[in-house]
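The lines below spell out each chain.
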Amino acid sequence: MTEETFINKAKTSGIIALDLSDYKPTTEIVELDIKDHLFMGMIVKEKEFKESIAAVDFSVYNEKAVGIICSTDAIIPPWAYMLIMEKLSPYASYADLNNAETVLLDLWKRRLIYADLKHYRNQKVVVRASTNHDPALYLLAAGLLKPLVKTLMYGEIGLPKVIFKQ
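What comes next is a walk through the structure. (Residues numbered from 1 in each chain as written. Predicted model: local features only at pLDDT ≥ 70, side-chain atom pairs only at ≥ 80, totals over all residues. Heavy atoms only, no water.)

## Side note on the sheet that holds strand β1 (residues 15-18)
Strand order in the open sheet made by the four strands is β1-β5-β6-β7, with mixed pairing throughout. Each edge of the open sheet is held by one strand with a lone partner, namely β1 and β7 (159-165). Taken pair by pair, the neighbouring strands of this sheet meet at an average axis angle of 30°, ignoring direction. The pairing of β1 with strand β5 (residues 124-128) spans four bridges and is parallel. Following the sheet pairing, I16 is matched in β5 by V125. Here helix α5 (residues 135-145) sits on the sheet and contacts β1, β5 and β6 (151-156); the angle it forms with β5, its principal contact strand, is near 170°. (Pairing = 2+ DSSP bridges. Helix = DSSP H or I, 4+ residues; strand = E, 2+ residues; numbered from the N terminus. Axes fitted to C-alpha atoms, helices over the stretch in contact; angles between N-to-C directions. Contact = heavy atoms within 4.5 Å.)

Listed below in structure tokens is the structure:
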């Protein structure tokens, strides 16, 4: 009877995994629709707009990321956005003129850009595959990792797709 030794090739490969989910922002993201502050939902009338904005309790946006949108086809003057930001700035952790999905992607990309990736230097790295992640995250990850890593891969440690090899 021969004794077989099981060798975990994934563990012995020396490949390090980078999971983009680890960089996903945890900040709650909400939308603020300017339409609710427009005359007839379509027109910025300065006096009425300022009164409507002044009546909002912006503390509900405390420590949240805010996507500012207008769900109607109204023309919004730049000063209106400035007024909203002036009211949001003491509370919101982040605000942008985008929907919640785009704000999430922007924050996620920022976390990747500012992440300390030095421990991947001269390593074999696989960026874990997920159909739930925007392709822009993989594009950014490749750009950030290529100058650092010895080998860049996509997929899973056990069966990666090689993207770049020194």
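That covers the picture; the talk isn't over yet.
## Section: helix α4 (residues 100-113)
Here α4 spans 20 Å end to end across 14 residues, near enough to the 20 Å set by a 1.5 Å rise per residue. Along α4, the residues that are buried comprise V103, L105, L107, W108 and L112. Those residues of α4 hidden inside the fold are in contact with β2 (29-33), β3 (65-69), β4 (94-96) and α5. Taking the backbone nitrogen of E101 as reference, a side-chain oxygen 3.2 Å away marks N99 as the first, capping residue of α4. (Expected span 1.5 Å × (residues − 1). Buried < 20%, exposed > 50% of the residue type's maximum accessible area, 1.4 Å probe, protein only. Polar contact = N/O pair within 3.5 Å; in protein donor to acceptor, adjacent residues only side chain to side chain.)

## Regarding the environment of L148
Along the chain, the position of L148 falls in the loop between α5 and β6. Residues L148 and H119 lie 29 residues apart in sequence; the distance between their C-alpha atoms is 9.0 Å. With residues up to four places along the chain from it excluded, the contact list for L148 reads L117, Y120, R121 and N122.

## Notes on the packing of aromatic side chains
Counting across every chain of the model gives three aromatic pairs. Judged by centre distance (5.8 Å) and plane angle (85°), the rings of F49 and W79 are edge-to-face. Of this pair, F49 sits in helix α2 (residues 46-54) while W79 sits in helix α3 (residues 78-88), and the two are 30 residues apart along the sequence. In this structure W79 comes out as partly exposed when scored by relative accessible area, which is 30%. The interplanar angle of 75° and the centroid separation of 5.4 Å between the aromatic rings of Y138 and Y154 together place this pair among those described as edge-to-face. (Phe/Tyr/Trp six-rings, centres within 6.5 Å; stacked < 30°, edge-to-face > 60°.)

## Some details on the nonpolar core
Residues L18, L20, Y120, L145 and V149 are the most contacted members of the largest nonpolar core, which totals 19 residues. At the level of secondary structure, the elements contributing two or more residues to this core comprise α4, β5 and α5. No other element matches α5, which puts five residues into this core. Residues within four places of L18 in sequence aside, it is in contact with Y23, L117, Y120, V125, V126, V127, R128 and L145. Of all hydrophobic cores here, the second largest spans 18 residues; its members include V44, F49, I84 and A92. (Core = buried A, V, L, I, M, F, W, Y, C linked by side-chain atoms within 4.5 Å.)

## Topic: α3
All of the buried residues in α3 are A80, L83, I84 and L88. The arc that holds every buried residue of α3, seen down its axis, measures 135°, which confines them to one face. In α3, the exposed residues that point more than 90 degrees away from the buried face are P78 and M82. Next to the buried residues of α3 lie β2, α2, β3 and β4. (Arc of directions from axis to C-beta.)

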